[in-house]
Amino acid sequence: MLLVLIGLIVVFSLLSPHFAFTSPENIKVFLALAPEFGIIALGVGLLMICGEFDLSIGSLLVFSTFIFVRLSETNLSLLLVGLIIIGVGALLGFLNGIITVKGRIPSFITTLGTMMFWRGITLLLSRGIQRPFTSEASLFFRSVFTGEVAGIIPVQMIWFIGIGIFLGILLHFHRFGNWVYATGDNKEAARAMGINTDMVKIICFIIVGILCAFVAMIQIIRVGSFSSRVGQGWELKAVAASVVGGTSLMGGIGSMVGIFCGTFIIIVIENALTMLRISYSWTYVVFGLVIISSVLVNFYMEKRRLRYGSKVSEESSSG
Amino acid sequence: MTFPGKKEENILEEPLVKMVGIHKWFGKVHALKEVDLEVKHSEIVGLVGDNGAGKSTLIKVLSGVYKADKGEIYFEGKKVNITSPHDARKLGIETVYQEQALAPNLSISRNIFMGREPTLAFGLIDRRKMNKESLDSLSSLGLHLRSPDLPIVILSGGQRQGVAIARALHFKAKLVVLDEPTIALSVKETQEVLAFIEKLRQEGISVIFITHSLHHVFPVAERFVVLTRGEKTADVKKGDMSVEELTELIVTGRRLHN
């Protein structure tokens with residue numbers, strides 16, 4: 001996975017005219033912009049491991065952005081507004097989760113509904129008009145969300161890596177991670193062993209919601225104006241990123257390193273094709289090929305692993 | 001097994017579990033009708049009956065998945081109220097379901113400790129402890145696997161049952177309920193599982209072995225309880241009846257008064 005990623009980066013660097021892909025300007029823009037999608041995709045990957053989907057991320061993002069812009073126009077301190085937005089994101093995620101587990105609706109459908117609902121609500125409230133976001137009073141916010149570390153690395157990238165490490169520890173080393181895997185892998189077993197699988201799922205939805213709200217703030221501060229089209233098309237791209245990273249659509253299989261690399265592959269491809277001056281339409285063609293081929297490769301490697309593995313366990317067992 | 005002292009003798013006389021007059025309805029279906037079930041210490045009981053006889057329902061009442069509509073449960077002589085799988089587990093009743101016991105893609109040790117992971121600070125899993133204790137439990141069943149990090153999918157059916165039973169063993173179960181543990185297994189694997197069950201008895205653990213194939217349970221169980229259409233139709237010791245007579249009972253559903 002990591003090799004694929006490095007390979008892609010090398011190939012794109014060599015292919016791009018005047019090495020535009022590796023130009024400092026592009027790298028800087030890329031490192032600032034790509035984490036916006038990437039951070040959310042990490043959460044979506046976690047959610048997929050516990051066996052659920054979230055198609056509403058783009059709409060949660062745009063709705064939180066709108067609320068953030070509106071609240072920042074009031075007298076409330078921006079820090080408070082930020083906390084409120086995180087709360088809004090958590091609440092939206094909670095709603096996705098509670099509807100899914102209590103209504104016993106597949107989350108694919110729940111979040112398809114909330115995807116339309118929250119985008120619609122945002123359009124109604126904003127009347128689809130672009131709205132400037134003036135963040136004069138927010139030096140603190142600017143440096144936290146769009147600043148640079150050591151003068152070169154955009155802070156967004158640090159957030160992306162930091163959140164990746166945090167979720168990785170949560171998933172692989174914390175007991176909650178074991179519950180996430182168990183829930184996605186065999187819900188009945190998890191429940192029989194006393195794991196509250198509904199709660200695990202709801203928490204994963206909440207994590208995605210919080211990440212959406214977080215990205216909403218990063219993005220609006222960078223862009224400076226509200227558009228009701230923000231986040232469109234991210235939902236399937238996030239699923240694609242997880243799948244490319246080896247996450248199973250059925251849940252129970254996947255790793256944070258894989259999801260991180262998968263996300264990176266998707267955003268590198270997107271950026272590189274732009275830098276190669278290839279029409280954006282091609283991006284989707286390439287995404288399509290990457291998704292299908294990576295699933296085939298994963299499937300093949302899984303089969304090989306099983307065949308090899310069962311030999312090992314037979315050799316070493318005795319009744 | 002001998003226990004010295006008077007107090008222990010009392011414990012031995014009194015059954016580990018006693019279910020009395022259990023009724024369960026699902027809507028209009030009367031799934032369990034006045035069923036009694038007793039399991040003594042270190043006893044292996046075969047719970048047999050045709051499909052739909054109520055075996056699984058009875059066990060789910062005992063393990064807290066369903067609540068009985070009528071009836072009482074006594075554990076070690078005390079009346080207990082089991083309302084969730086958690087309650088049952090706290091008493092020391094571990095149930096191993098057919099398909100539901102293990103998460104196939106998780107490792108052996110993560111399965112054994114699923115939901116009860118040993119932790120260091122901040123809820124981080126104590127991996128070393130988890131792996132070591134997993135291997136210990138498995139080897140006390142006579143199951144030697146190369147690594148506790150192997151995923152369940154690569155194990156054979158018999159080994160999987162072993163992992164599920166090792167889990168019960170590790171958490172100091174007093175009663176292990178096995179729901180059709182041999183259903184999809186080869187003859188060799190079935191023998192393995194029967195050996196695990198024998199090991200459990202040697203550890204002083206009682207076992208309820210649910211099956212509809214009497215031939216699997218006959219070699220290990222000491223007593224057989226037959227359910228037919230929600231009613232207990234027989235409760236016999238192994239010596240009192242042959243396999244053929246017992247099969248006859250299951251098939252005909254004739255009530256045996258003894």
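Note that the structure is a prediction, hence the values are computed from the model and not measured.

Q: What exactly am I supposed to notice about the overall build of chain A here?
A: When its secondary structure is counted, chain A shows 13 helices and 4 strands. Compactness check: chain A gives a C-alpha radius of gyration of 20 Å against a globular reference of 20 Å for 319 residues, within 12% of the reference. Projected onto its principal axes, the C-alpha positions of chain A cover 70 × 55 × 35 Å. Across the 319 residues in chain A, those meeting the buried criterion constitute 48%. Taking contacts inside chain A between residues at least 6 apart in sequence as the whole, the part at least 24 apart equals 76%.

Q: Mind showing me how you'd approach the overall build of chain B here?
A: From N to C terminus, chain B includes 9 helices and 10 strands. Each of the three principal axes of chain B carries a C-alpha extent, and together these read 55 × 45 × 40 Å. Taken over 258 residues, chain B has a buried fraction of 46%. Long-range contacts, defined here as pairs at least 24 residues apart, represent 68% of the contacts in chain B between residues at least 6 apart.

Q: How do you make sense of the environment of Ile197 of chain B when you look at a structure like this?
A: Residue and element names in this part refer to chain B. Among the structural elements, Ile197 can be located in helix α7 (residues 187-202). On the basis of neighbour count, Ile197 is assigned to the buried category, with 25 C-beta atoms found within 10 Å. Ignoring anything within four residues of it in the chain, the contact list for Ile197 reads Ile44, Val207, Phe209 and Val220.

Q: Mind showing me how you'd approach helix α9 (residues 243-252) of chain B here?
A: Residues and elements named next belong to chain B. Those residues of α9 that fall on the buried side of the exposure criterion are Leu246, Leu249 and Ile250. In an axial view of α9, the angular spread of the buried residues amounts to 95 degrees, which keeps them on one side of the axis. Turned more than 90 degrees off the buried face of α9, the exposed positions are Glu244, Glu245, Glu248, Val251 and Thr252. Following α9 by one or two positions, Gly253 adopts a phi angle in the positive range, close to 75 degrees.

Q: What am I meant to see in the sheet that holds strand β4 (residues 70-75) of chain B here?
A: Two modes of strand pairing occur in sheets, parallel and antiparallel, and in both the strands are linked by backbone hydrogen bonds. Residues and elements named next belong to chain B. In spatial order, the strands read β2-β1-β4-β5; together these 4 strands make up an open sheet with antiparallel pairing. Edge positions in the open sheet fall to β2 (29-39) and β5 (78-80), since each of these has one partner strand only. Put simply, the sheet's adjacent strands are angled 30 degrees from each other on average, direction ignored. Where strand β1 (residues 17-26) meets β2, 7 bridges bridge the pair, whose relative direction is antiparallel. From the neighbouring strand, Met19 faces β2, where its bridge partner is Leu37.

Q: Please explain the packing of helix α3 (residues 57-72) of chain A against helix α5 (residues 107-126) of chain A as it appears in this structure.
A: Axes are the key here: two packed helices are described by the angle between their axes and the distance separating the axes. All names here are of chain A. At a minimum axis separation of 8 Å, α3 and α5 run at an interaxial angle of 25 degrees. Taken together, α3 and α5 sit at an angle that is classed as roughly parallel. Regarding α3 and α5, the two cross each other, and that crossing is left-handed. Of the residues in α5, those in contact with Gly58, Ser59, Leu60, Val62, Phe63 and Phe66 of α3 are Thr114, Met115, Trp118, Arg119, Ile121, Thr122, Leu125 and Ser126. Classifying every residue of the contact of α3 with α5 by side-chain character gives 8 nonpolar, 5 polar and 1 charged.

Q: Hey, could you run me through the sheet that holds strand β10 (residues 231-237) of chain B in this one?
A: All names here are of chain B. Strand order in the open sheet formed by 6 strands is β6-β7-β8-β3-β9-β10, with mixed pairing between adjacent strands. Edge positions in the sheet fall to β6 (93-96) and β10, since each has one partner strand and no second. Strand-to-strand, the axes of this sheet are offset by a mean angle of 15 degrees, without reference to chain direction. In the sheet, strand β3 (residues 44-48) pairs with strand β8 (residues 206-211) via 5 bridges, with the strands oriented parallel. Residue pairing in the sheet places Leu47 in a bridge with Ile210 of β8. Here α9 sits on the sheet and contacts β3, β9 (223-228) and β10; the angle it forms with β9, its principal contact strand, is near 20 degrees.

About the thresholds
- One numbering rule holds for all chains: residues counted from 1, following each sequence as written.
- To label them, take the chains in the order written and letter them from A, then take the ligands in the order written and number them from 1.
- For this predicted model, a pLDDT threshold of at least 70 governs which residues receive local features, and a threshold of 80 or more governs which side-chain atom pairs are given and counted, while totals over whole chains, interfaces and linings are taken from all residues.
- Note on conventions: DSSP H or I runs of at least 4 residues are helices, E runs of at least 2 residues are strands, and numbering of each starts at the N terminus.
- To get the radius of gyration, use the C-alpha atoms; to get the globule rule, take the number of residues to the power 0.38 and multiply by 2.2 Å.
- Note on burial: count the other C-beta atoms lying within 10 Å of the residue's C-beta; 20 or more is buried, 12 or fewer is exposed, in between is partly exposed, and C-beta positions come from the backbone.
- Any two residues are considered in contact once their C-beta atoms, placed from the backbone, lie within 7 Å.
- Working definition: the arc comes from the directions between the helix axis and the C-beta atoms, pointing outward to the latter.
- In short, DSSP must find at least two bridges between two strands for them to pair.
- Where helices are involved, their axes are fitted lines through C-alpha atoms of the stretch in contact, as for all axes, and angles between N-to-C directions lie from 0 to 180°.
- In what follows, roughly perpendicular refers to angles from 65 to 115 degrees, roughly parallel to angles under 35, roughly antiparallel to angles over 145, and oblique to any angle outside these ranges.
- A crossing counts as left-handed when the near helix is turned anticlockwise from the far one by less than a right angle, and as right-handed when that turn is clockwise.
- Only Asp, Glu, Lys and Arg are considered charged, only Ala, Val, Leu, Ile, Met, Phe, Trp, Tyr, Cys and Pro nonpolar, and every remaining residue, Gly among them, polar.

Coordinates in, geometry out; function isn't part of it.
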